[in-house]
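Chain by chain, the residues:
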Amino acid sequence: MNTRSGWFTFLLFLLLLAMILLQVLSMVQSDRLYERLNFLLETISSRQMPASKAEPNLTAQSAQKYPGDEGDWLVWDLSGEVRTLNLLNVDATLDTRYIVSGTIIEPLFEQDLDADKEKLKPKLAEKMDISEDGLEITIKLKDNIYFSDGVPVTADDIIFTFETMMNPKIDCADLRNYFDNITGAVKLDNRRVKFVMKERYWKTISMIGSFYVFPRHTYQFNDPNEFNKRISNPIGSGPYVFEKWDVGQQIVLRRNENYWDKKPNIKKIVFKFISNATAALQALRSHDTDMFEPGSEQVTDMPKDPQFSKEFRTIIFWDPSFGYWYIGWNEQRAFFKDRRVRQAMTCLTDRKAMVEQLTRGKGAVVTGTFYIYGRQNDPNIQPWPYDPQKAAQLLDEAGWKDTDGDGIRDKDGIPFRFKYSYVAGNISAEQMARLLKDDAAKVGIEVIPNPTEWSIFIGNVNARDFDVVELMWGGVIEEDPYQIFHSSQIQGRGNNYVSFNNRQADELMERARRELDEEKRYALYHQFHRILHEEQPYTFLMTRPRYYFIDKRFENVIVHKLGIDLFEWYVPKEKQRYK
Amino acid sequence: MTTYIIRRILLMIPTILGITIMVFAISRVAPGDPVSLSMGPGGQLDAQRAADVRKARMALYGLDKPIHVQYAIWLKRVVQLDFGDSIKHHRPVIDLIAERLPVTITLNVISIIIIYIISIPLGIFSAVRQGRFSDKVSSVILFMLWSLPSMWAGQMLIGYFCGPTFKNWFPPAGLSSNFADALPFFPWLGDRLWHLTLPVICLSYSGFAYLTKQVRAGMLDNLRCDYIRTARAKGLDNWTVIFRHAFRNSLLPIITIMGTLLPAMIGGSVIIESIFSIPGMGRLAFEAITTRDYNVVMAVATTAGFLDLIGLLLADIAYAIADPRISFERIE
């Protein structure tokens, strides 16, 4: 061949190289452009507004409700996109609540984040009066409270929200269930509403307390489906208003400049949806996002990097909503009818090892269904030990022995072999399955791990068509275990799908429901907790704290006992990133 | 030609019908349904109430009827270009697709252009230097790229080029920066392209090998032909021989590939869009399948099937235009 073709190829590659170089350069250029732009905006705004004084001293700070400088945005990365922003919908999740509740739509009362029990602080309501017999609750609203469009919040709005929720055509059956006990809401005057209950039930009182108030004038509907379809554009009385929802990308809230109470400092909250964990961490590290909930592994490893811990705060707290992991033994199966077998299974489950491996030692073993740092939980109950020998002994006692010499225990001709179902793709569940399989094999029980896709998994659980499931319950600070463990919930699609049936437990739960005195109620729940511990309808595995990485430019980030309050945060003027 | 095109378009109707019947049947036969999914065990309900709610919701979405009736209803609506509402998003499916299709198309068109820009010269180059060291090196590299799974490559690119761990050059997720709204058009466009760079790289690198090999094979076939020898014998220089004679004639297979590349890439963008958190058709389809959002699954399948068929038709027409030897008219 000749030189011409050689030149041609050379030029071609040169062209390619140049293209790539140009691409890189343009990127660097755009980076610089942003910097300059930001700098420009900053100088302009700093000229307009007088620079804030240097750090105010601490006593002055605590005197104010929300101390610190105004401005800046908070970019919070929620890993998945929410399905709805309508709180009165089956699809509303914890993330929906993070976005909407307290920020856009406010409740009557809010939970005190520093308490160890359910303690309500007035928000829209001024006070709550409970009648002697506990069957009537009167709520009085505060004066001078307004929705973001300037319309005052009145008793009519409470009545509207209540009636909407109780409307059987509104797609919020799960929530309605909690208000089942209320026969009606009566408007006494513009500021007062009376709720009437069928029977005494402590949970109803707390549900009324955390009741959200929707503005009637914007949510009114003729066809309930109008309300069901309204998944976006929430309007309420909160310190933030909805700005936009870029589907698949972000939801933006802007501060409500007409807020009736003290305004928080942060001007915008952006919720991003980055589902890829690697990308989420990288987005945080390159300051595209400010806040992100890492896994146990990341929270153990990342703060070791000095650069990282210089730029980001790591926050750890025991969030009741986190709930706990458990293994549910289907008592309709021959193996798990006997309490001793269930105890044996618990003794075979090395929960401490799970805490070590799956949460890097940050979690804790649980012994029952209650929030471990709450008052319902009895802290004196010690978890069953990890003790395969004891397990073998219990199995022998229950009559499960290896009679045919195949290495697997059996009874009445049924070999002790079961399917362990968990949600496919859940890595920690898979690891737990492996741990249990190994331990069970040592005492002659065969565990067959059975990863199942979520939609099928749910179907099987509801149809009670499973041997063993590994799952997790979300929690609240004080919960009513009736839905999960009362024998009336075995039928149909109730949540007692392991078919736990214990008369004494039933009675305790029924009595506790009617008990309005906290201390007496806690005592009843402690007794119930003890029964759960002896009966082991579940093998209660573990829980872990919630973690967040938060950009260090945010100040006054207080970690309360039960959580964090974004409204307390601020960014000092000189560190603000967004205008 | 016109009669041929009309005939092809008419033939598309039964094909599309077939596709929809298949997808409809598969999606309904698959276990699980959108109603029980969103009612999971977290929604604490008593048994009777739960059954009622379930029934009401099934009726609301028309899922209580037999499958063939559901299909007939669906078909009737689709003929009027109404794909129904998404069960998950409570919004018309057509809106969801209208929001996301442009993103996916942008991503894929840019990728295809890049694939062609890189592969054609590379194919010509390796054909001309057939058997030499540079040809071998380029084939080895291309095959290596071809066999790299894009989800792995995507994770690696995010890990190394999107944060302070190695180089902080690109954004790890999304389509635009937080402050993009405040930007004028050109910086905004730059921001958008900056976000698209890595996804486009991931979508395109594996295409290089395939197309380059096709170009190379086509070129080699032609370079061996008599007319090339004639051209050389005429004393034409190498450049003219390669580009005016050999290259033009080896364009044909490349055009055919164009027709199949687009559908393949829409499939590939399911993964890329999930990795880079890009709100496109791929991610929509993936989420719809996992949540059994039937209307969305059907609409995405129909749209993708339609795009495929159009792509193939366009390829055939381009064939006729590029090569006068090919004609769709019946020979009298």
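What you are looking at is a predicted structure, and each value in this text was computed from that prediction instead of being measured.

Re the overall build of chain A
Secondary structure assignment for chain A yields 19 helices and 21 strands. Expressed as lengths along the three principal axes of its C-alpha atoms, the size of chain A is roughly 95 × 85 × 50 Å. Residue burial in chain A is summarised as follows: out of 579 residues, 40% are buried. Of all intrachain contacts in chain A linking residues separated by at least 6 positions in sequence, the fraction that spans at least 24 positions is 67%.

Notes on the overall build of chain B
Across its full length, chain B carries 13 helices and zero strands. Scanning chain B from its N terminus toward the C terminus, one meets helices and strands in the order α-α-α-α-α-α-α-α-α-α-α-α-α. Looking at the 332 residues of chain B, the share that counts as buried comes to 36%. Counting contacts in chain B only where the partners sit at least 6 residues apart, residues at least 24 apart contribute 71% of the total.

A short note on the packing of helix 8 (residues 185-223) of chain B against helix 10 (residues 238-249) of chain B
To describe two helices that pack against each other, one gives the angle between their axes and the distance between the axes. All names here are of chain B. Axis separation between helix 8 and helix 10 bottoms out at 8 Å; the angle between their running directions is 120°. With respect to helix 10, the axis of helix 8 lies oblique. As for the relative orientation of helix 8 and helix 10, their crossing is right-handed in sense. Across the interface between the two elements, M219, N222 and L223 from helix 8 touch A246, F247 and N249 from helix 10.

Here's the deal with the pairing of strand 4 (residues 125-130) of chain A
Residue and element names in this part refer to chain A. Pairing analysis gives five bridges linking strand 4 to strand 5 (residues 136-141), with the strands arranged antiparallel. Paired with M128 across the two strands is I139, which belongs to strand 5. Counting the residues in the hairpin turn of strand 4 and strand 5 gives five residues, including G134, whose phi is positive at 75°.

Quick look at helix 4 (residues 67-79) of chain B
A rise of 1.5 Å per residue sets the reference length of helix 4 of chain B, with its 13 residues, at 18 Å; its end C-alpha atoms lie 18 Å apart and thus fit the reference within 8%. In the segment just after helix 4 of chain B, L81 of chain B is the residue with positive phi, at about 60°.

Focus on the sheet that holds strand 8 (residues 240-246) of chain A
Residues and elements named next belong to chain A. Taken in spatial order, the seven strands of this open sheet run 8-9-10-1-11-21-12, and their pairing is mixed. Of all strands in the sheet, those bounded by a partner on one side alone are strand 8 and strand 12 (312-317). Looking at chain direction, strand 1 (residues 73-78) and strand 11 (residues 291-292) are connected through two bridges and run parallel. Across the sheet, D77 pairs through a bridge with F292, a residue of strand 11.

Concerning unusual backbone geometry
Residue and element names in this part refer to chain A. A positive phi is found at D72, a non-glycine position, where the angle reads about 70°. Mapped onto the elements, D72 comes out in the loop between helix 2 (58-63) and strand 1. A count of 23 C-beta atoms within 10 Å places D72 in the buried class. In this model, D412 sits at a positive phi of 50°, which is unusual for a non-glycine residue. The topology assignment puts D412 in the loop between strand 15 (410-411) and strand 16 (414-415). Under the C-beta neighbour-count criterion, D412 is labelled exposed, with 8 such atoms within 10 Å.

As for the sheet that holds strand 20 (residues 538-543) of chain A
Residue and element names in this part refer to chain A. In spatial order, the strands read 14-20-13-19-17-18; together these six strands make up an open sheet with mixed pairing. In this open sheet, the two strands that pair with only one neighbour each are strand 14 (364-365) and strand 18 (446-452). Sheet topology note: the strand 17 (residues 417-423)/strand 19 (residues 468-473) ladder contains two bridges and is parallel. Counterpart to Y420 in the pairing with strand 19 is V468. Seen against the sheet, helix 15 (residues 427-442) touches strand 17, strand 18 and strand 19 and runs at an angle of roughly 165° to strand 18.

A short note on the environment of A429 of chain A
Residues and elements named next belong to chain A. Following the sequence through the fold, A429 ends up in helix 15. Since 23 C-beta atoms lie within 10 Å of it, A429 is described here as buried. When the C-alpha positions of A429 and W325 are compared, they lie 9.3 Å apart, and in sequence the two are 104 residues distant. Ignoring anything within four residues of it in the chain, the contact list for A429 reads Y422, V423 and E470.

Comments concerning helix 16 (residues 454-462) of chain A
Residues and elements named next belong to chain A. For helix 16, the full list of buried residues reads F457, I458, V461 and N462. Buried residues of helix 16 fall within an arc of 130° about the axis and therefore sit on the same side. Two residues or fewer after helix 16 comes R464, characterised by a positive phi angle close to 60°.

Overview of the pairing of strand 20 of chain A
Residues and elements named next belong to chain A. The element strand 20 is extensively covered by neighbouring structure, given that six of its six residues are classed as buried. As defined by bridge partners, strand 13 (residues 324-329) adjoins strand 20 across four bridges and the pair is classed as antiparallel. Bridge assignment links Y326 to a residue of strand 20, and that residue is F540. Here strand 14 runs beside strand 20; their pairing, made up of two bridges, is antiparallel.

Each value, and the rule that gives it
- Residues numbered from 1 in each chain as written.
- Chains lettered and ligands numbered in written order.
- Predicted model: local features only at pLDDT ≥ 70, side-chain atom pairs only at ≥ 80, totals over all residues.
- Helix = DSSP H or I, 4+ residues; strand = E, 2+ residues; numbered from the N terminus.
- Buried ≥ 20, exposed ≤ 12 C-beta atoms within 10 Å, placed from the backbone.
- Contact = placed C-beta atoms within 7 Å.
- Axes fitted to C-alpha atoms, helices over the stretch in contact; angles between N-to-C directions.
- Parallel < 35°, antiparallel > 145°, perpendicular 65-115°, else oblique.
- Left-handed = near helix turned anticlockwise from the far one by under 90°.
- Pairing = 2+ DSSP bridges.
- Expected span 1.5 Å × (residues − 1).
- Arc of directions from axis to C-beta.

Any link to function would need more than the numbers given here.
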